[in-house]
Each structure stands twice: as C-alpha cells, then as structure tokens.
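Residue-level listing of the chains:
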Amino acid sequence: MIARLLLLASLLVHSVQAESLSPLGERPDWTVLAPFQETITRAEFVRLLDRVYAPRDAATGLIDVNEERASIVQRLGEPERFTLRFAKDAASAKSPPRYWRAGQPLAGLRVAIDPGHLGGEWAKMEERWFRIGAGVPVAEGDLTLRVAEALAPQLTALGAEVLWVRRAPGPTTPKRVADFFQIARAFLAAQGVANPRETYRSMEEPGRGATVQSQAELLFYRQAEIRHRAHLVNDELKPDLVLCLHFNADAWGDPQRPAFVPKNHFHVLVNGCYSPTELRLDDNRFELLQRLLGGVTDEEHRISTTVATHMARALALPPYIYTRDIAVRVNASPYVWARNLLANRLYRCPVVFLEPYVMNSQELWERVQAGDYEGVRTVAGSARKSLVREYAVAVAEGLTAAMRHR
Ligand SMILES: [Zn+2]
C-alpha cells in the first residue's frame with residue numbers, strides 16, 4: 001500500500017528543506033554522472049523528462065535544456081551546475097554504465113523479489129495491519145512475503161535466478177527505531193515543536209504523530225529501511241529486474257474496527273512524475289538523472305505494461321485511477337502509472353512495482369480468512385485460486401509474457 005500518506009511524512013520533508021535533501025538523503029556526488037556524457041540525444045532526454053520524470057514543466061529552472069547540453073542545478077540556491085553533453089545522434093551515443101542487462105530472456109534473468117513492508121511484529125507500527133474480532137489479521141508485509149514464497153519456485157522453474165531483498169518478517173536494515181530518536185528530535189524542533197513528548201502509549205493516542213518516538217519510527221521503517229534495500233539491490237544483488245510486491249488499501253481508520261470499502265482494483269507503478277517540490281531536493285534531482293541516464297525507463301515501462309496487462313486479466317480487476325497529480329500515465333495502458341516512490345527512485349534497474357487488490361475490501365478480507373489452498377474454491381462469491389497463489393501465478397505468467405515479446 002502506498003496510497004495513504006501521513007501528514008507527518010510531508011512535514012518531515014519540509015523540515016529539511018533548508019538542507020534541500022529528503023529525510024536521511026545523502027548529499028549527491030555529481031562526479032558520479034561523468035560517465036553518462038554523450039550517452040543520450042537531446043530528443044530522447046526531453047522526451048523522458050517531459051513525459052515521464054518531470055511532466056507539467058516541473059523541472060523548469062532546475063534542469064535547463066539547451067541545443068547541445070542540459071544544465072542542472074547541483075545544490076539549490078548555489079550557482080554551480082552540472083553540464084550534461086548530449087550525443088549528436090542515436091548512432092553515436094555512447095553506452096551508459098549499468099549493472100543490469102537488457103534484452104535478457106526469463107531463463108537466466110536475475111530477478112530480485114522485494115516483498116513490500118516489514119510484517120511480523122512490525123506490522124502494527126507500520127500501520128499495515130488490521131483485524132476483525134478473532135479473525136485472521138490482515139498484514140501487508142506478511143501477505144507480500146507469502147506471495148514471494150509462492151512466486152520464487154515458479155520463477156526458478158522457468159530458469160530465472162531468484163534473489164531476495166527480504167526473506168523473513170522484519171527489517172533488512174540493522175538499524176532500529178532507537179537509532180533515530182536524535183534525528184527525530186531535530187526534525188520536531190525544526191517544525192517548531194518545542195519539548196515534544198518522547199513516547200506514546202497507544203496508536204489511538206491524540207498527538208501521537210508529534211512524539212519523538214512516532215517520528216523516529218517513520219524514519220526507521222519508511223526511510224532507513226527502503227534506503228537499506230536500495231543498497232542491497234544496487235551494491236550487492238545487482239539484478240536485471242526487481243519485483244516490488246504490495247497490496248493496495250484505502251484508509252481504514254481503527255485497525256480493530258476497520259472500515260470496508262466496496263471497490264477492489266489494481267495498478268502498476270513505474271518511477272516518474274516528480275513534483276516541483278521534489279525536484280528542488282538535490283538528492284531527488286540527482287537520483288532522477290541516474291535513472292533517466294541509466295537507460296532504465298523504456299525497459300521498465302515495457303515489462304511493467306506487459307505484466308500489468310496479464311495480471312489485470314488474471315485477477316479480473318479494474319484499473320485504479322489517480323485523481324491527484326502525484327501520478328501520470330506513461331502509455332496507453334490504464335494500469336501503468338508513473339509515481340516518485342523512494343524504492344523505485346533509488347533502485348537503479350528496471351522495477352515492476354505491483355499494487356493489486358484493496359486489502360480492506362470485503363472480498364479481500366474473506367479471501368485472507370480462507371487462507372491458502374490448492375485448486376479453486378468459491379470464496380466471496382466467486383471460484384478462485386487462493387489469494388496468494390492467484391497473485392504469484394499471475395506475476396509469473398506476466399513476466400513470462402514480458403520476456404518473450406521483446
Ligand atoms: Zn505497500
């Protein structure tokens with residue numbers, strides 16, 4: 001689930017705006033982009049910037065495109081700019097450096113599976129958990145891990161090399177909430193919250209979000225954990241593709257008495273649609289360029305679109321439609337949307353970020369209660385595979401199709 005944003009997350013961003021870096025973001029080393037000189041034509045750069053990464057002129061004044069080069073602000077408010085020289089034409093464009101391989105068939109493909117969120121004892125803290133009465137709890141981080149466990153042997157059988165970003169409940173980062181109390185205090189002070197309370201007793205407690213503990217938790221599971229996964233992907237696993245497995249949801253309120261919503265839907269996210277505010281952050285701008293210049297975009301769109309088409313049919317779900325301008329369509333598929341998430345921004349290879357099912361729909365709740373089973377059963381009024389198997393099989397079939405039709 002990524003649809004629900006806490007107000008405090010945006011407060012966090014604003015509080016570090018003076019630094020022009022996102023929470024826990026590192027100051028970019030622009031010399032890293034030197035090997036990307038003359039790897040892309042002006043036309044291609046402008047196409048990707050306008051249609052995918054910075055639609056609605058979001059990069060105006062920050063990334064300026066001239067005839068032969070692009071001029072990019074390195075540090076907000078300072079005069080130094082990074083100059084990117086364009087290739088004269090596609091034929092003379094140099095190859096960009098990258099660790100992933102394009103044009104690989106599924107046999108031999110290095111696929112990293114990234115089950116979203118933490119799950120286990122962490123699910124309540126990350127607000128990816130609800131339960132009705134004595135029923136089976138619905139926890140996104142546990143469901144995604146079960147889908148991953150069902151998917152991995154299928155991909156292996158198809159000849160892919162499966163790599164794991166997370167293989168057990170809990171965080172991949174060795175850091176813990178306590179490591180972020182000091183930064184959390186600094187954030188709250190920057191927002192003018194003098195003498196904040198250190199801890200809270202219950203999730204429902206008024207003012208919980210303004211406690212040091214709550215802020216430290218957000219830094220831990222929403223920032224540090226994703227940044228550590230990006231480190232695993234880019235520096236250790238170096239896959240050809242990452243599958244980010246999620247379930248969607250609408251706001252459900254009290255996790256002991258969740259509100260059900262009637263709709264159920266599906267979409268797939270690719271990276272893009274940076275807002276003017278995000279583009280003013282030095283690390284966001286730098287990471288956008290790393291992706292754009294790394295040649296990730298077209299492969300990411302191609303694979304995501306084929307997987308989306310197959311999964312939509314297999315899951316029989318309508319597309320989710322964004323009504324706010326945080327996302328934009330990148331092609332004719334109603335299922336594929338570009339959005340700037342931390343995970344798909346930091347991973348420097350094609351990412352297929354899956355958001356099927358609404359966890360707090362009546363249908364999904366009933367399917368979670370039914371658990372895993374072989375074959376087909378009638379649950380919530382229709383004959384289906386178990387939820388986890390349906391998801392896993394649909395991904396495997398979609399990926400098979402994507403790697404076949406090139
Ligand atoms: Zn999620």
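Just above, that's the structure.
Residues numbered from 1 in each chain as written. Predicted model: local features only at pLDDT ≥ 70, side-chain atom pairs only at ≥ 80, totals over all residues. Heavy atoms only, no water.

Focus on the environment of valine 162
(1) Moving on: On the secondary structure map, valine 162 appears in strand S7 (residues 161-164).
(2) Moving on: Sequence separation between valine 162 and alanine 87 is 75 residues; the distance between their C-alpha atoms is 36 Å.
(3) Moving on: Every residue in contact with valine 162, bar those within four places of it in the chain, is listed here: Val111, Ile113, Ala152, Leu155 and Thr156. (Helix = DSSP H or I, 4+ residues; strand = E, 2+ residues; numbered from the N terminus. Contact = heavy atoms within 4.5 Å.)

Comments concerning the sheet that holds strand S11 (residues 336-338)
(1) Moving on: Spatially, the seven strands line up as an open sheet ordered S7-S4-S8-S12-S9-S11-S10, and their pairing is mixed. Edge positions in the sheet fall to S7 and strand S10 (328-329), since each has one partner strand and no second.
(2) Moving on: Pairing of S10 with S11, which is carried by two bridges, proceeds in the antiparallel orientation. Counted as the bridge partner of valine 328 is alanine 338 from S11.
(3) Moving on: Of the strands in this sheet, strand S4 (110-115), S7 and strand S8 (241-245) are in contact with helix H5 (residues 212-237), which crosses S4 at around 165 degrees. (Pairing = 2+ DSSP bridges. Axes fitted to C-alpha atoms, helices over the stretch in contact; angles between N-to-C directions.)

Let's talk about the nonpolar core
(1) Moving on: Judged by nonpolar contacts, the single largest core of 53 residues is most densely connected at Leu155, Leu243, Leu354 and Leu399.
(2) Moving on: Counting residues per element, this core draws most heavily on helix H11 (residues 387-404), which supplies ten residues.
(3) Moving on: Discounting residues that sit within four places of it in the chain, leucine 399 has contacts with Leu106, Val111, Leu155, Leu241, Leu243, Ile303 and Val307.
(4) Moving on: Grouped together as the second largest cluster of nonpolar side chains are 27 residues, Phe45, Ala54, Phe82 and Phe286 included. (Core = buried A, V, L, I, M, F, W, Y, C linked by side-chain atoms within 4.5 Å. Buried < 20%, exposed > 50% of the residue type's maximum accessible area, 1.4 Å probe, protein only.)

What is shown is where atoms sit, not what they do.
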